[in-house]
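An overview of the molecular structure
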Amino acid sequence: DAAQNIGAVYGMIQMPLFAKLTLVGGLRYETTEMTLDRVYLSGVDAQGRPKDTTDLIDGADYLSSINLIYRFTDEVNLRTVYGRTLARPTFRELARYASEDFAGDLIFNGNPNLEYTKIDNYDIRLEWFANPGEILAVSGFFKHFQNPIERAFIGEYDIQFQNVPRADIFGMEFELRKELGFVHSVLRNFRLGGNLTLVKSTVDRTEREMIEKRIATPNVEDTRPMAGQSPFILNFDLGFASQKSGTSLTALFNAFGKRLDLVTRNVLPEVYEMGRTT
């Protein structure tokens, strides 16, 4: 049996500081309680002891947010944002239970010692709203993770989600959404959109990871990419919508760069998922 209870209260304020500068800020108090109750059907464990155990994640956090918006004109804004967020493990990642992961023929083991992740997010964004529904924007961002969760080998065929002490991500994003009627009236029902994200991620290797990796690579770096994070992500769409006929059609394109999939142990190299397009 498993349960997750999240309680929260928050306050928020939006106010002009100057003629062109607006503050949107808030503070959220959030409690987290995740429990997993395990009962052996036999009533005892292998040593004959009663077995009725609860694994628990219990925490309380203050999550603040500050958003400053400077209006150069009615169409052009500069936003600077800070916010703290959380990422919680799933029950399957927490439960003391082993199951076969058919993708890769590996054994997935839950980790009852997982902690949830706290993330500090910093963003700066320049945006231009040329017309309703249109945007041209460029953003820079930085994220700091405390106890991020990654998938790692714990044996020859066994994998498990584990916390690493910290990770950092920084990058840029370019976004465009534009109606195409300005090219020719024939294209007035077409729109073009897309975004490109460029990312650099770093994770501090644990002391045990460094010791094991130095067996094969004495000068191994003490950082590596963050698992699951691609160095670039590209999205593109071309859409058609006609109110007269009630018809819409969209073509979508996505591509991402190769990303670390599994953190390995000992002298084995890390496992990467190769990039692909869809």
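Please read all numbers here as calculations on a predicted model, not as lab measurements. (Residues numbered from 1 in each chain as written. Predicted model: local features only at pLDDT ≥ 70, side-chain atom pairs only at ≥ 80, totals over all residues. Heavy atoms only, no water.)

It is worth spelling out the overall build of the protein at this point. A count of helical and extended segments in the protein gives 2 helices and 18 strands. In summary, the protein has a C-alpha radius of gyration of 24 Å against a globular reference of 19 Å for 278 residues, an excess of more than 25%. A principal-axis box enclosing the C-alpha atoms of the protein has dimensions of 80 × 50 × 45 Å. Total accessible area on the protein stands at roughly 17,000 Å², and carbon and sulfur atoms take up 58% of it. The distance from the centre of the 31 positive side-chain charges to the centre of the 37 negative ones in the protein is 5 Å. (Helix = DSSP H or I, 4+ residues; strand = E, 2+ residues; numbered from the N terminus. Rg over C-alpha atoms; globule rule 2.2 N^0.38 Å. Areas by Shrake-Rupley, 256 points an atom, 1.4 Å probe, with all protein chains shown as cover. Lys, Arg positive; Asp, Glu negative; His and termini not counted. Charge placed at Lys NZ, Arg CZ, Asp CG, Glu CD.)

This next bit is on the pattern of salt bridges. Taken as a whole and judged by the stated rule, the model has 17 salt bridges. Arg 259 is the salt-bridge partner of Glu 273, the closest N and O atoms lying 3.0 Å from each other. Separated by 14 residues along the polypeptide, Glu 273 in strand E17 (residues 271–273) and Arg 259 in strand E16 (residues 259–262) bring together distant segments of the chain. Given a relative accessible area of 21%, Glu 273 falls into the partly exposed group. Overlapping salt bridges bring together Arg 79, Arg 125, Glu 127 and Glu 175 as one network. (Salt bridge = Lys/Arg side-chain N within 4 Å of Asp/Glu carboxyl O. Buried < 20%, exposed > 50% of the residue type's maximum accessible area, 1.4 Å probe, protein only.)

In this section: the layout of surface pockets. Approximately 270 Å³ is the volume found for the largest pocket. Around the largest pocket, the lining comprises 15 residues; the ones closest to its centre are Ala 152, Gln 162, Thr 206, Glu 209 and Arg 265. Contributing elements (two or more residues each) for the lining of the largest pocket: strand E9 (149–153), strand E10 (158–163) and helix H2 (207–213). The class makeup of the residues in the lining of the largest pocket is 5 nonpolar, 4 polar and 6 charged. Approximately 200 Å³ is the volume found for the second largest pocket. Lining the second largest pocket are 15 residues, and of these Lys 200, Ser 201, Arg 224, Pro 225 and Tyr 272 sit closest to its centre. Elements represented by at least two residues in the lining of the second largest pocket include exactly strand E12 (190–204), strand E13 (223–224) and E16. A per-class count over the lining of the second largest pocket returns 5 nonpolar, 5 polar and 5 charged. (1 Å grid on protein atoms, 1.4 Å probe; cavity = no way out; pocket = protein on both sides within 12 Å on 5 of 7 lines; lining within 4 Å. Points joined across faces, edges and corners; volume = space filled by probe spheres on them. Nonpolar A, V, L, I, M, F, W, Y, C, P; charged D, E, K, R; others polar.)

Taken as a whole and assessed by the stated rule, the structure comprises 6 aromatic pairs. Ring centres of Tyr 29 and Tyr 62 lie 4.9 Å apart, and the angle between their planes is 50°; on these two criteria the pair is classed as tilted. Here Tyr 29 is found in strand E2 (residues 21–44), whereas its partner Tyr 62 is found in strand E3 (residues 50–71), with 33 residues between them in sequence. A relative accessible area of 31% means that Tyr 29 is categorised as partly exposed. Under the relative-accessibility criterion, Tyr 62 is labelled exposed at 57%. (Phe/Tyr/Trp six-rings, centres within 6.5 Å; stacked < 30°, edge-to-face > 60°.)

Across the sheet, which stays open at both edges, the 4 strands sit in the order E5-E6-E10-E9 with mixed pairing between neighbours. The outermost strands of the open sheet, each flanked by one partner alone, are strand E5 (98–101) and E9. Adjacent strand axes in the sheet meet at a mean angle of 35°, parallel and antiparallel pairs treated alike. Here E5 runs beside strand E6 (residues 106–109); their pairing, made up of 4 bridges, is antiparallel. Paired with Glu 100 across the bridge in E6 is Ile 107. (Pairing = 2+ DSSP bridges. Axes fitted to C-alpha atoms, helices over the stretch in contact; angles between N-to-C directions.)

Together, Val 9, Leu 27, Tyr 29 and Tyr 62 give the surface a local cluster of nonpolar side chains, amounting to about 420 Å² of exposed area. Relative to the helices and strands, Val 9 resides in strand E1 (residues 2–16). (Patch = residues over 30% accessible without salt bridge, like charges linked within 9 Å, V, L, I, M, F, W, Y side chains within 5 Å.)

What follows deals with the side chain of Ser 230. Within the secondary structure, Ser 230 is located in the loop between E13 and strand E14 (232–242). Ser 230 gets classed as buried once you look at its relative accessible area, which sits at 2%. At a separation of 2.9 Å, a polar atom in the side chain of Ser 230 contacts the main-chain carbonyl oxygen of Gly 257. The residues contacting Ser 230, other than those within four sequence positions of it, are Val 199, Phe 256, Gly 257, Lys 258 and Arg 259. (Polar contact = N/O pair within 3.5 Å; in protein donor to acceptor, adjacent residues only side chain to side chain. Contact = heavy atoms within 4.5 Å.)

It is worth spelling out the environment of Thr 90 at this point. Checked against the element boundaries, Thr 90 lands in the loop between strand E4 (76–87) and helix H1 (91–94). Residue Thr 90 is classed as partly exposed on the basis of its relative accessible area, which comes to 40%. Spatially, the C-alpha atoms of Thr 90 and Leu 114 are 10.0 Å apart, while their sequence positions differ by 24 residues.

Our focus in this paragraph is the nonpolar core. With 14 residues, the main nonpolar core has Ile 57, Leu 94, Leu 106, Phe 153, Ile 159 and Leu 262 as its most contacted residues. Going through the elements one at a time, E2, E3, E6 and E10 are the ones with two or more residues in this core. Those residues within four positions of Leu 262 in sequence are excluded, and the remaining contacts are Leu 106, Arg 151, Ala 152, Phe 153, Ile 159, Glu 270 and Val 271. In this structure, Phe 145, Val 164, Val 199 and Met 226 belong to the second largest nonpolar core, which totals 9 residues. (Core = buried A, V, L, I, M, F, W, Y, C linked by side-chain atoms within 4.5 Å.)

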